[in-house]
Amino acid sequence: LTLRCNNSIFCTGPLLHLIQMSKIFADSKTFVDMRMLNSPEEVLENWDTFMEENEQNPSKYAIKKFITENFNDGDELEYWIGNDYTSTPRILRKIEDMIVRNFTASLMTIWNKLGRKVKPEVFQYPERYSFVPIPNGFIIPGGRFKELYYWDSYWIVKGLLISEMLNTVKGMLENFLSIIAKYGFVPNGSRIYYLSRSQPPVTTMIAGEYVEASKDILWLKKNIKYLDLELRYWIDYKSVKIRKGVHVYTLSRYISDCTLPRPESYFEDIESCEIFETEMLKKKCYQDLKSAVETGWDFSSRWIFDETGGCNANVSYSDAKRVIPVDLNSFLCKSFKLMSKFYGMLNDDMNATFGRTNTIIGRKVLIKLCTARKMELGMIMIISNRSTGGISGPVILPLCGRKYTINLNSLDLVKQLPSISNGRNCFSTKEEFQHHCF
Ligand SMILES: OC[C@H]1O[C@H](O[C@H]2O[C@H](CO)[C@@H](O)[C@H](O)[C@H]2O)[C@H](O)[C@@H](O)[C@@H]1O
């Protein structure tokens, strides 16, 4: 497993520190998305000479010049349109309302605008880029997010399937498998500086969508090992045992073990953690910010803890590892259930146990926690000791047609809700976060 990036230009080290802290770029992501004009060794040699010439204290102007001489815009991607793209998918004919139909049709043209493919140069000189080369065309979120993002891709795949772009889905899925083969897990996005954390795990669910639509069992047989590998990462590195009475529950949480500022939000993280006096607390703050962004909900009051355990503080007080998120555990439960089904389809009884055992573990907890009739808003409260007073995305996830969970017949923990709640409400929507939590 490669759980972090040690690249001394794009991920860590004095060059990155000085360039990012000079604030030459308004957005820290700009620098780490650039490409080197020469090999990393040459750039680092140039840097040493540059620092010597400038007596270890270069001006902003000199740093700008150094960047121009050694880096250029990354420009790693070319526009790409999937060969399965159609402007007239069957679903359009099913939409009777013309306004909605036209809106849907125009929305679907987005695949042409956001489709990208990695240029051959990146495969030729990967060490000069922060981009992780991936073999197939894919859809980017857009704007400053010009790479493959992990959990965005699940929702993108849903749209692609409605648009009859199964081949594009297969390509995107195989991009993830190539990343798992390389690193043992899927990082936040296809950049080396994202290696210190993942994002909500969705590869197995994407595979579920693909296999259901394609019935491609041979594909499954060939690739199931990668799905297996990724899920083991979530068990080995992110799970935690929760004792409640005589029961011990295994659940997962978001946690990064990297204590450095995010390269793509470098000065921003340094500034967020400035309030802490010791180096140790600063490091903890950087690590906590990384854990918070692993959630995909960056930033939300769900991950913020003030001194009393409420969420009346800012992002500097993020501590996502204290929360056992219902959405993450629902995704994993669904994934284990799928694995059990997949191994069953392949008549692999021995390995089916992996999926089955973990579905059972997930079941034990999620069946109890997630689908009780009175549980609409309760999960986060139970498992993070916080209460939710309104409906927000993550809370309703496990309730979506019981898609992420299995039948429920125990209300044990539900009954304990009132005693666990601390009476505070923490929301996940931006609007609520901007106002306050109460
Ligand atoms: O749409 C892509 C992602 O955009 C947001 O997060 C990303 O930007 C952050 C700041 O540059 C970065 O630190 C984070 O790790 C990125 O994922 C959004 O919050 C994500 O949900 C979304 O996947």
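Residues numbered from 1 in each chain as written. Predicted model: local features only at pLDDT ≥ 70, side-chain atom pairs only at ≥ 80, totals over all residues. Heavy atoms only, no water.

## Some details on the overall build of the chain
Tallying secondary structure elements over the chain gives 21 helices and 7 strands in all. Looking at the chain as a whole, 54% of its 438 residues are labelled buried. Sequence separation of 24 or more characterises 73% of the internal contacts of the chain that already satisfy a separation of 6 or more. Accessible surface, the chain as shown: approximately 20,400 Å² in total, 53% of it carbon and sulfur. (Helix = DSSP H or I, 4+ residues; strand = E, 2+ residues; numbered from the N terminus. Buried < 20%, exposed > 50% of the residue type's maximum accessible area, 1.4 Å probe, protein only. Contact = heavy atoms within 4.5 Å. Areas by Shrake-Rupley, 256 points an atom, 1.4 Å probe, with all protein chains shown as cover.)

## Comments concerning the site of the ligand
Of all residues adjacent to the ligand, which total 16 residues, the nearest are Asp152, Asn188, Arg262, Gly296 and Asp298. Within the contact set of the ligand, an oxygen atom lies 2.7 Å away from a side-chain nitrogen or oxygen of Arg262. Contacts to the ligand include Asp298, whose side-chain N or O atom sits 2.4 Å from an oxygen atom. Here the ligand, which alone exposes 480 Å², has 86% of that area covered by the protein. Partitioning the shell around the ligand into residue classes produces 6 nonpolar, 4 polar and 6 charged. (Near = heavy atom within 4 Å. Polar contact = N/O pair within 3.5 Å; in protein donor to acceptor, adjacent residues only side chain to side chain. Nonpolar A, V, L, I, M, F, W, Y, C, P; charged D, E, K, R; others polar.)

## Examining the confidence of the model for the chain
In regions of low pLDDT, the predicted coordinates are not meant to be interpreted in detail. Confidence along the chain averages 83 in pLDDT terms, with 79% of residues attaining 70 or more. In the model, residues 367–392 has pLDDT below 50 throughout and makes 99 contacts with residues more than four positions away in sequence or in other chains. (pLDDT = per-residue confidence, 0-100.)

## What about the sheet that holds strand E3 (residues 77–79)?
The sheet built from 3 strands is open, its strands ordered E3-E4-E5 with antiparallel pairing. Looking at strand neighbours, the two that pair on one side only are E3 and strand E5 (138–139), the edges of this open sheet. Relative to strand E4 (residues 115–118), E3 runs antiparallel, the two being bridged by 3 bridges. Bridging from a neighbouring strand, Leu77 pairs with Val118 of E4. (Pairing = 2+ DSSP bridges.)

## What to know about the pairing of E4
With 2 bridges connecting them, E4 and E5 associate as antiparallel partners. Of the residues in E5, the one forming a bridge with Gly115 is Ile139.

## Examining the pattern of salt bridges
This model, assessed by the stated rule, comprises 21 salt bridges. With its nearest N and O atoms 2.6 Å apart, the salt bridge here joins Glu147 to Arg191. Of this pair, Glu147 sits in the loop between E5 and helix H9 (150–162) while Arg191 sits in the loop between helix H10 (166–183) and helix H11 (203–214), and the two are 44 residues apart along the sequence. Both residues of the pair, Glu147 and Arg191, count as buried. (Salt bridge = Lys/Arg side-chain N within 4 Å of Asp/Glu carboxyl O.)

## Describing the nonpolar core
Here is a general trend for soluble globular proteins: nonpolar side chains tend to be buried in one another's company. Phe31, Phe71, Phe138 and Phe342 are the most contacted members of the largest nonpolar core, which totals 90 residues. Every residue in contact with Phe71, bar those within four places of it in the chain, is listed here: Ile9, Phe10, Phe31, Met34, Arg35, Met36, Leu37, Val43 and Phe66. Ala292, Phe305, Ala320 and Val323 belong to the second-largest nonpolar core, a separate cluster that totals 5 residues. (Core = buried A, V, L, I, M, F, W, Y, C linked by side-chain atoms within 4.5 Å.)

## A closer look at the packing of H10 against H11
Two elements in contact, H10 and H11, have axes separated by 10 Å at closest approach and are oriented at 145°. As for the relative orientation of H10 and H11, their crossing is left-handed in sense. The residues of H11 that touch H10, namely those facing Leu166, Val169, Lys170, Leu173, Phe176, Leu177 and Ile180, are Thr203, Ile206, Ala207, Tyr210, Ala213 and Ser214. (Axes fitted to C-alpha atoms, helices over the stretch in contact; angles between N-to-C directions. Left-handed = near helix turned anticlockwise from the far one by under 90°.)

## Some points on the state of the cysteines
A full pass over the atoms with the stated rule returns 2 disulfides. You can see Cys258 has no disulfide; the closest cysteine sulfur is in Cys11, sitting 8.7 Å from it. (Disulfide = S-S within 2.5 Å.)

## Looking at the side chain of Asp269
Within the element layout of this structure, Asp269 appears in helix H13 (residues 266–273). Among residues more than four places away in sequence, those in contact with Asp269 are Pro261, Arg262, Tyr286 and Leu289.

## As for the side chain of Ser22
Relative to the elements of secondary structure, Ser22 occurs in the loop between helix H1 (14–21) and helix H2 (29–32). What Ser22 contacts, discounting residues up to four positions off in sequence, is Lys60 and Ile63.

## A look at helix H15 (residues 326–345)
With 20 residues, H15 should cover 28 Å at 1.5 Å per step; its first-to-last C-alpha distance of 28 Å lies within 8% of that length. H15 sits mainly inside the fold: 15 of its 20 residues count as buried. Positive backbone phi, approximately 55°, marks Asn347, located one or two places after H15. (Expected span 1.5 Å × (residues − 1).)

## Some remarks on the environment of Gln20
Within the fold, Gln20 resides in helix H1. A C-alpha to C-alpha distance of 9.0 Å links Gln20 and Glu264, two positions 244 residues apart in sequence. Residues within four places of Gln20 in sequence aside, it is in contact with Ser28, Phe31, Val32, Pro263, Tyr266 and Phe267. Among the polar contacts listed, one links the side chain of Gln20 to the backbone oxygen of Ser28, at a separation of 2.9 Å. Reaching out from Gln20, the side chain makes a polar contact with the backbone oxygen of Pro263 at a distance of 2.9 Å.

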